[in-house]
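Residue-level listing of the chains:
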Amino acid sequence: MATANWTLPDHPTLPKGKTVAVVVLDGWGEASPDQYNCIHVAQTPVMDSLKNGAPEKWRLVKAHGTAVGLPSDDDMGNSEVGHNALGAGRIFAQGAKLVDAALASGKIWEDEGFNYIKESFDKGTLHLIGLLSDGGVHSRLDQVQLIVKGASERGAKRIRLHILTDGRDVLDGSSVGFIETIEKDLAQLREQGVDARIASGGGRMYVTMDRYENDWSVVKRGWDAQVLGEAPHKFQNALEAVKTLRAEPKANDQYLPPFVIVDESGKSVGPIVDGDAVVTFNFRADRMVMLAKALEFPDFDKFDRVRVPKIKYAGMLQYDGELKLPSKYLVSPPLIERTSGEYLVKNGVRTFACSETVKFGHVTFFWNGNRSGYFDETREEYVEIPSDSGITFNEQPKMKALEIAERTRDAILSGKFDQVRINLPNGDMVGHTGDIEATVVACKAADEAVKMVLDAVEQVGGIYLVTADHGNAEDMVKRNKAGQPMLDKSGSIQILTSHTLQPVPVAIGGPGLHPGVRFRSDIQTPGLANVAATVMNLHGFQAPADYETTLIEVVDK
Ligand SMILES: O=C(O)[C@H](O)COP(=O)(O)O
Ligand SMILES: [Mn+2]
Ligand SMILES: [Mn+2]
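Residues numbered from 1 in each chain as written. Chains lettered and ligands numbered in written order. Predicted model: local features only at pLDDT ≥ 70, side-chain atom pairs only at ≥ 80, totals over all residues. Heavy atoms only, no water.

So, about unusual backbone geometry. Cis geometry marks the peptide bond from Leu-325 to Pro-326, where omega comes out at -15°. Along the chain, Pro-326 falls in the loop between β9 (312-317) and β10 (329-331). In this model, Lys-250 sits at a positive phi of 65°, which is unusual for a non-glycine residue. Tracing the backbone through its elements, the reader meets Lys-250 in the loop between α10 (238-246) and β7 (259-261). When its relative accessible area of 84% is taken as the criterion, Lys-250 is described as exposed. (Helix = DSSP H or I, 4+ residues; strand = E, 2+ residues; numbered from the N terminus. Buried < 20%, exposed > 50% of the residue type's maximum accessible area, 1.4 Å probe, protein only.)

Take a look at the structure:
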């Protein structure tokens, strides 16, 4: 690629030098008001006031499907694709879509990553570790099925699956059906002489899929089961494991304890040993990076790995381009360059980014095109407020919203920054627990945090842009086509822990906003990718020509 020209042209009307606060409410979509819309039920006077009475300064944008680079408009949005679009200002084909394409064309089998792990097929076992789900956020079951089939056709004689149950991007309890599906495939392979079976498992939030180094014990539990073949629960098969563990009081797919599958003699059927190949089949990075480090870094010291097998390891994608982690991967990740963060910093915009641990990488790593670290540390400060660990967030629904808001207020008032960019996780993290009452508390806490930030913006004569990355808290129930809540077999409503397909708000304002600024009415279906050019305008710059168009125009006032 030719070297980019980083100089952004001046905006014809909008001035430079205003402090701009960009606030992302995680999991905050727009939906009809009813009792399952926690944003509606909660007291959210600040977000309400942005919406009411300001038709030229509040609008909805798409946050799911093709608008954020996902395969189809049936795909709900998620943090990775949402923050990528917000930060990059363009729509990139995302992991889910890239893996689909590589499987459809067969290119996945020809590339370096697969050929690397294939070298182990003769003598070793192929281990596949990841989220068994059709949620399409971190992984997809149909892709796993194709990998298992394709690998066996290309010489894998012994395959072991290490599954993580979902219940977060899909309905709780759906793990059972996914296991039945994959077990059928594995049984067929066994008939054809391939020794293929599930070797271990556990719930994604308790086993393996932590993120941003919040709680290494989660990854350790997975390591013990997957690599060492050790877990507190032992079963003869995965279906029995999940059904039994789910029968415990308060058990759910997200938090199932780790288990291993054992043979008649009680020996685990699939520890990872020297000479084996390992593929982590999640395409999304955040919740696989920690395991990738444990599998790949020779000087890893976050927990005692006890035994470090000599393996050939590949990720479904490369999860961190900066760290080159993992070094081998089956499909190349989207190449997201020239993000708005990089442009703005290079044009002198001093930037502050903040969230608590569980979403810290969202406003840094994802925002910057899946890139770790600063562009220019003399002009940037990224602050991570430690999240609570070892709890489910319905226990502390206010999370660290207040602390994030305080740090952000201080950053605004310090006069040291031109942009402050934050993520408020409450609606999403508590929404994922399926606890409606707690989610209402969460939404209120997020609204109060917005108030603190907007008050500081007011004090410095700045500008705000408040938006969200996808829906979640605005709809907590699974609905039929007519939009009515669906009931389960026992007659209770089916709680929706996942994200939604709903659009999200974008609100702009503040004393520093030029009085002639309003939302354009000529953009047909804007999405999150239109936000970056908008923010550049608010900083007094025009966006690069290949960015999705700005949402705003300036009229004479
Ligand atoms: O990883 C998670 O927590 C969920 O699968 C998706 O949530 P997020 O996209 O908001 O992070
Ligand atoms: Mn999110
Ligand atoms: Mn989420």
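To continue, consider the domain arrangement of the chain. The domains assigned to the chain are domain 1 (22-93 + 340-554) and domain 2 (96-331). Its C-alpha centre places domain 1 at a distance of 31 Å from the equivalent point of domain 2. Contacts between domain 1 and domain 2 engage 34 residues on the former and 25 residues on the latter. Summed over both sides, the interface between domain 1 and domain 2 buries roughly 2300 Å², with carbon and sulfur atoms accounting for 54% of that surface. (Domains from an automatic or database assignment. Contact = heavy atoms within 4.5 Å. Buried area = accessible area lost by both parts, 1.4 Å probe.)

This part covers the sheet that holds strand β1 (residues 20-25). Strand-to-strand pairing in sheets goes through backbone hydrogen bonds, with the strands running parallel or antiparallel. Spatial strand order, β2-β15-β14-β1-β13-β11-β12: 7 strands in an open sheet with mixed pairing. Of all the strands in the sheet, the pair left with one neighbour each is β2 (58-61) and β12 (380-385). For this sheet, the mean angle separating the axes of adjacent strands, direction not counted, is 15°. Where β1 lies against strand β14 (residues 463-468), 6 bridges are found, and the strand directions are parallel. Across the sheet, residue Val-24 finds its bridge partner in β14, namely Thr-467. Packed onto the sheet, helix α17 (residues 436-459) meets β1, β13 (419-424) and β14 and runs at close to 175° relative to β1. (Pairing = 2+ DSSP bridges. Axes fitted to C-alpha atoms, helices over the stretch in contact; angles between N-to-C directions.)

Turning our attention to the UniProt feature "binding site: Mn(2+) 1" (unreviewed entry) in the chain. As annotated in UniProt, the feature "binding site: Mn(2+) 1" (unreviewed entry) corresponds to Asp-428, His-432 and His-499 in the numbering used here. Across 72 residues of sequence, these annotated residues stay compact in space, with a maximum C-alpha separation of 7.9 Å. For Asp-428, the position within the fold is in helix α16 (residues 426-431). Leaving out residues up to four positions away in the same chain, Asp-428 has contacts with Asp-26, Gly-27, Lys-359, His-470, Asn-472 and His-499. Positionally, His-432 belongs in the loop between α16 and α17. Judged by relative accessible area, His-432 falls into the buried class, the value being 3%. (UniProt positions renumbered as here; feature names shortened; annotations may be inferred.)

Listed as protein donors to the manganese ion (ligand 3) are Asp-428 (OD), Asp-428 (OD), His-432 (NE2) and His-499 (NE2); their distances from the metal cover 2.1 to 2.3 Å. Classification of the site at the manganese ion (ligand 3) rests on its 6 donor atoms, whose angles at the metal span 58 to 170°, yielding the label irregular. Counting the intervening residues between successive donors of the manganese ion (ligand 3) yields the motif D-x3-H-x66-H. In this model, the manganese ion (ligand 3) sits 4.2 Å from the manganese ion (ligand 2). Pair noted here: Asp-428 is in helix α16 and His-499 is in the loop between β14 and β15 (504-509), with a separation of 71 residues, a long-range link. When its relative accessible area of 5% is taken as the criterion, His-499 is described as buried. (Donors = N, O, S within 2.8 Å, 3.2 Å for Na, K, Ca; no water. Tetrahedral: all angles 85-135°; square planar, octahedral: opposite > 155°, others 65-115°.)

This part takes up the sheet that holds strand β6 (residues 233-235). As summarised here, the arrangement of the 8 strands in space is β6-β7-β5-β4-β3-β8-β9-β10, forming an open sheet in which the pairing is mixed. The open sheet has two edge strands, β6 and β10, and neither has a second partner. Going from strand to strand, the sheet's axes swing by 20° on average, the running direction of each strand aside. Sheet topology note: the strand β5 (residues 195-203)/β7 ladder contains 2 bridges and is antiparallel.

All right, on to the site of ligand 1 then. As a matter of local geometry, ligand 1 sits amid 17 residues, with Ser-79, His-138, Asp-169, Arg-284 and Arg-287 nearest to it. At 3.2 Å, a side-chain N or O of His-432 approaches an oxygen atom of ligand 1. Contact with the protein chains hides 100% of the accessible area of ligand 1, taken as 310 Å² for the molecule alone. Its residues placed into classes, the shell around ligand 1 shows 1 nonpolar, 7 polar and 9 charged. When we break the shell around ligand 1 down by domain, the ones giving at least three residues each are domain 1 (22-93 + 340-554) and domain 2 (96-331). (Near = heavy atom within 4 Å. Polar contact = N/O pair within 3.5 Å; in protein donor to acceptor, adjacent residues only side chain to side chain. Areas by Shrake-Rupley, 256 points an atom, 1.4 Å probe, with all protein chains shown as cover. Nonpolar A, V, L, I, M, F, W, Y, C, P; charged D, E, K, R; others polar.)

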